[in-house]
Every structure is written in C-alpha cells, then in structure tokens.
Amino acid sequence: MKRIGLVTRDCAGMNAVIRSVVRSACDEGLEVIGIRRGYEGLIDGDIEIMNHRSVSGIINLGGTILKTARSKRFKTKAGILKAIKTIKQNKIDGLIVAGGNGSLTGAHILASNYSIPVIGIPSTIDNDVNGVDMTIGADTAINVALDAIDKIRDTATSLERIFVVEVMGRDCGYIALRVALAGGCEEVILPEKHFNIKKISNEIIEANLRGKISWIIIVAEGKAKAMDISDGIFQNTGLETRTVVLGHIQRGGRPTAYDRILAARYSNYAVKILKNGESDKCIALNNDKLTSIPLAFATQRKDSEVNDYYKLIKILT
Ligand code: F6P
C-alpha cells in the first residue's frame with residue numbers, strides 16, 4: 001500500500017483527524033490524497049495531495065478543511081462506480097472515511113461490495129455508532145450545548161421562567177441526556193423514552209406550589225419539537241415558557257481536548273490497520289484500548305440504556 005484517500009464529514013475534531021491521518025501516514029511512508037466535499041468529491045475526482053505541512057495549524061479548528069457534502073449520488077450504483085473510477089485513476093490503494101452512520105454505511109458498501117480497502121473513523125456529534133463508546137465530536141457538542149444552557153439558566157432563574165431547549169442528536173438522546181445531567185436540568189425528553197406532557201405539566205404545577213418556578217426542559221430533536229412541548233406546557237399550566245433551538249452551533253467550534261485526543265488516537269490506528277491489510281472495519285475503544293469492529297456491526301442501530309442517567313437527573317432535581 002502506497003497511497004490512501006481520506007473522506008470526511010464535519011464535526012468538531014475533524015481537522016484533528018485530518019492532521020493525524022496525514023502525519024501518521026507520513027510516518028508509515030504512505031501518501032495521502034484528501035477528497036474534497038465528502039463522497040461528492042470522490043465521485044467528481046475533486047482531490048488534493050496532502051503532506052505534513054498542509055495540516056499545520058488546524059488542530060484547534062472546527063469543521064473540515066476538506067469541506068463536505070451530503071451525497072445523494074453516492075446512494076446510486078452509477079455514483080458509486082464513478083467514485084471507484086476516481087479511486088483507480090488516482091492509484092488510491094485504500095480509503096479512510098471519517099463520519100457518522102451515513103458515511104460509514106457508504107464505507108461498508110465500498111469495502112464489502114466493491115473490495116475497496118476501507119477503514120471508518122466514527123465521527124459524529126450524535127454518538128450513535130453501534131459498538132463505539134465515544135465518537136469524535138460528541139464531547140465538544142455536549143460542552144457547547146452546556147455552555148448555552150448555563151447562560152439560559154441565568155435568565156430562567158432571574159425571571160422565574162420555564163425554558164424548553166432543543167438539542168441535536170438525530171434519533172439518539174446522547175447529547176440531551178448528558179447536558180440535562182451536567183446542566184442540572186429539571187426534565188429531559190428523549191427518543192429512547194416515552195414521555196407524557198400532562199405528567200410533566202403536573203410536576204411543574206406541584207413544584208410551583210412549593211415555590212419552585214424556573215425550569216429547564218431539554219428536548220432531543222429526534223423526539224419532539226421544542227415549540228410543541230412549550231405549547232403543551234402553557235396549555236396545561238398557564239405558565240409562560242420560552243423555547244431555544246440550539247441547532248448547528250453544537251456541530252462546530254473549537255474541539256475539546258477530549259475530541260482532539262480521540263481524533264489523534266483513532267486516526268493513527270486507522271492508518272496502521274489499513275496499511276496492515278484490514279478492511280471493512282470501524283475504529284472503537286475497549287477499556288481505553290484501541291480496537292476495530294466490523295463496519296457491518298457499527299452501522300446497525302445502537303440501543304442506548306438511558307434509565308440510569310434519567311433516574312439520576314430526577315433524583316438530583
Ligand atoms: O448527524 C449530525 C447532525 O448534526 C444531527 O445531529 C442532525 O440531526 C443532522 O446532522 C442535521 O443535518 P443537516 O446539517 O444536514 O441539517
């Protein structure tokens with residue numbers, strides 16, 4: 001193996017991935033071709049040769065210097081065949097794909113159906129990759145959301161108001177559950193758990209009678225819209241509420257030390273195992289030891305246990 005290609009999605013820590021892949025590859029005597037705009041660039045042959053210098057000064061930057069895109073074309077056979085043409089024409093011997101479930105599913109198709117050597121690096125704020133304890137980007141997203149929630153609490157407390165805050169995470173309540181616990185929030189509504197707006201409203205009314213007036217309710221985007229929860233609470237309690245949708249601020253920004261370290265370790269390991277002939281695998285951690293799991297397993301739905309965290313949130317409220 002002489003030359004590897006690198007495809008990226010965006011999340012905080014992705015530039016640290018690019019830096020570690022390129023410099024680890026240099027260390028292993030491999031060349032790196034950066035693919036611009038994700039699978040779209042692989043289809044269009046939009047590439048750049050990368051070296052030690054081209055990744056200087058990016059470890060602290062959010063997003064991806066390679067840019068990225070959602071690719072509808074890569075979901076078609078014609079698109080995949082064009083991507084393979086780019087791989088062959090540019091003499092790319094193996095690929096590293098850093099992204100979430102969509103990107104890793106594409107990586108699995110390339111490896112299993114078209115025999116392209118591919119290793120996936122789990123990178124998404126959602127932390128929903130099966131068999132992987134922690135994806136790159138999730139820690140930063142939690143800290144960004146927590147920073148916003150701490151600020152919202154200042155107003156919630158001062159004005160004795162109810163706030164409903166919607167966080168990202170697609171169908172996974174990982175971000176919602178962690179920020180609710182770390183932010184001392186009173187309630188969290190999760191994709192993994194049934195909720196009853198009447199019950200939540202009654203809790204608010206009872207607490208209100210005891211003199212507790214301010215509440216922060218976290219809603220995972222995969223379960224409900226913050227506005228609908230606010231409306232429901234207002235109708236049931238008559239209390240004024242405000243909504244905040246945190247949105248994409250959670251996906252960008254300066255990566256935490258945790259995400260940078262994860263990016264450095266996952267990417268270095270990905271380069272090594274790709275060079276050693278492994279393929280169709282996703283990097284994971286097992287008791288803080290780097291390991292790899294089949295992409296076929298990593299791309300299955302992840303079932304998360306949420307009850308322990310949820311109970312703790314309610315005890316501490
Ligand atoms: O998968 C990462 C994520 O940010 C999800 O949390 C969110 O649901 C989705 O992507 C948003 O996608 P887009 O940027 O295409 O709107």
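Computed from a predicted model, the values in this text were never measured in an experiment.

A. Spatial organisation of the nonpolar core. Core analysis: the biggest nonpolar cluster contains 88 residues, and Leu110, Ile121 and Ile218 have the highest contact counts within it. Per-element accounting of this core gives the leading share, eight residues, to helix 5 (residues 138–159). In terms of domain composition, this core takes at least three residues from each of domain 1 (3–137 + 255–298) and domain 2 (141–251). With residues up to four places along the chain from it excluded, the contact list for isoleucine 121 reads Val17, Val21, Ile96, Val97, Ala98, Gly99, Leu104, Ile136, Tyr266, Ser267, Ala270 and Ile283.

B. Expanded view of the pairing of strand 4 (residues 94–99). For strand 4, a buried count of six out of six residues is recorded, marking the element as mostly surrounded by other parts of the structure. Both faces of strand 4 are covered, namely the face carrying Gly94, Ile96 and Ala98 and the face carrying Leu95, Val97 and Gly99. Pairing of strand 1 (residues 3–8) with strand 4, which is carried by five bridges, proceeds in the parallel orientation. Residue pairing for strand 4: threonine 8 is matched across the bridge by alanine 98. With five bridges connecting them, strand 4 and strand 5 (residues 118–122) associate as parallel partners. Each residue of the ladder has a partner; that of leucine 95, found in strand 5, is valine 118. Regarding the hand of the β-α-β motif, the stretch spanning strand 4, helix 4 (residues 101–114) and strand 5 is right-handed.

C. Up close: the packing of helix 7 (residues 197–209) against helix 8 (residues 226–237). Interhelical geometry of helix 7 versus helix 8 gives an angle of 55° and a closest axis separation of 9 Å. When the axes of helix 7 and helix 8 are compared, the pair comes out oblique. The handedness of the crossing between helix 7 and helix 8 is right-handed. Contacts from Ile197, Lys198, Ser201, Ile204 and Ile205 of helix 7 reach helix 8 at Ile229, Gly232, Ile233, Asn236 and Thr237. Of the residues contributing to the contact of helix 7 with helix 8, the split by class is five nonpolar, four polar and one charged.

D. A look at the confidence of the model for the protein. Per-residue confidence for the protein gives a mean pLDDT of 97; residues scoring 70 or more make up 100%. Looking over the protein, one finds the lowest element-wise mean pLDDT in strand 10 (residues 281–286), namely 95, and the highest in strand 5, namely 99.

E. Summary view of the sheet that holds strand 8 (residues 215–220). Overall, parallel pairing links the four strands, which are arranged 7-8-6-9 in an open sheet. The open sheet has two edge strands with one neighbour each: strand 7 (187–189) and strand 9 (241–245). Strand-to-strand twist across the sheet, computed as the mean angle between neighbouring axes with direction ignored, equals 20°. Helix 6 (residues 174–182) rests against strand 6 (162–167), strand 7 and strand 8 of the sheet, and its axis sits at about 165° to strand 8.

F. Looking closely at the side chain of glutamate 186. Position of glutamate 186 among the secondary structure elements: in the loop between helix 6 and strand 7. Within the structure, glutamate 186 has its side chain in polar contact with the side chain of lysine 212 (distance 2.9 Å).

G. Highlighting the site of the ligand. Looking at the ligand, the residues that line it are Arg70, Thr124, Ile125, Asp126, Met168, Gly169, Arg170, Glu221, His248 and Arg251. Between an oxygen atom of the ligand and a side-chain N or O atom of arginine 70, the distance comes to 2.9 Å. Separating an oxygen atom of the ligand from a side-chain N or O atom of arginine 170 is a distance of 3.2 Å. Its free accessible area being 400 Å², the ligand has 74% of it covered by the protein chains. Of the residues belonging to the shell around the ligand, the class tally is two nonpolar, three polar and five charged.

H. Spatial organisation of the pattern of salt bridges. Here the structure, examined in full by the defined rule, presents 20 salt bridges. When salt bridges that share partners are traced, they join Arg36, Arg37, Glu40, Asp44, Asp46, Glu48 and Arg73 into one network.

Procedures and definitions
- Residues numbered from 1 in each chain as written.
- Predicted model: local features only at pLDDT ≥ 70, side-chain atom pairs only at ≥ 80, totals over all residues.
- Heavy atoms only, no water.
- Core = buried A, V, L, I, M, F, W, Y, C linked by side-chain atoms within 4.5 Å.
- Buried < 20%, exposed > 50% of the residue type's maximum accessible area, 1.4 Å probe, protein only.
- Helix = DSSP H or I, 4+ residues; strand = E, 2+ residues; numbered from the N terminus.
- Domains from an automatic or database assignment.
- Contact = heavy atoms within 4.5 Å.
- Pairing = 2+ DSSP bridges.
- Right-handed = clockwise from strand over helix to strand, strands pointing away.
- Axes fitted to C-alpha atoms, helices over the stretch in contact; angles between N-to-C directions.
- Parallel < 35°, antiparallel > 145°, perpendicular 65-115°, else oblique.
- Left-handed = near helix turned anticlockwise from the far one by under 90°.
- Nonpolar A, V, L, I, M, F, W, Y, C, P; charged D, E, K, R; others polar.
- pLDDT = per-residue confidence, 0-100.
- Polar contact = N/O pair within 3.5 Å; in protein donor to acceptor, adjacent residues only side chain to side chain.
- Near = heavy atom within 4 Å.
- Areas by Shrake-Rupley, 256 points an atom, 1.4 Å probe, with all protein chains shown as cover.
- Salt bridge = Lys/Arg side-chain N within 4 Å of Asp/Glu carboxyl O.

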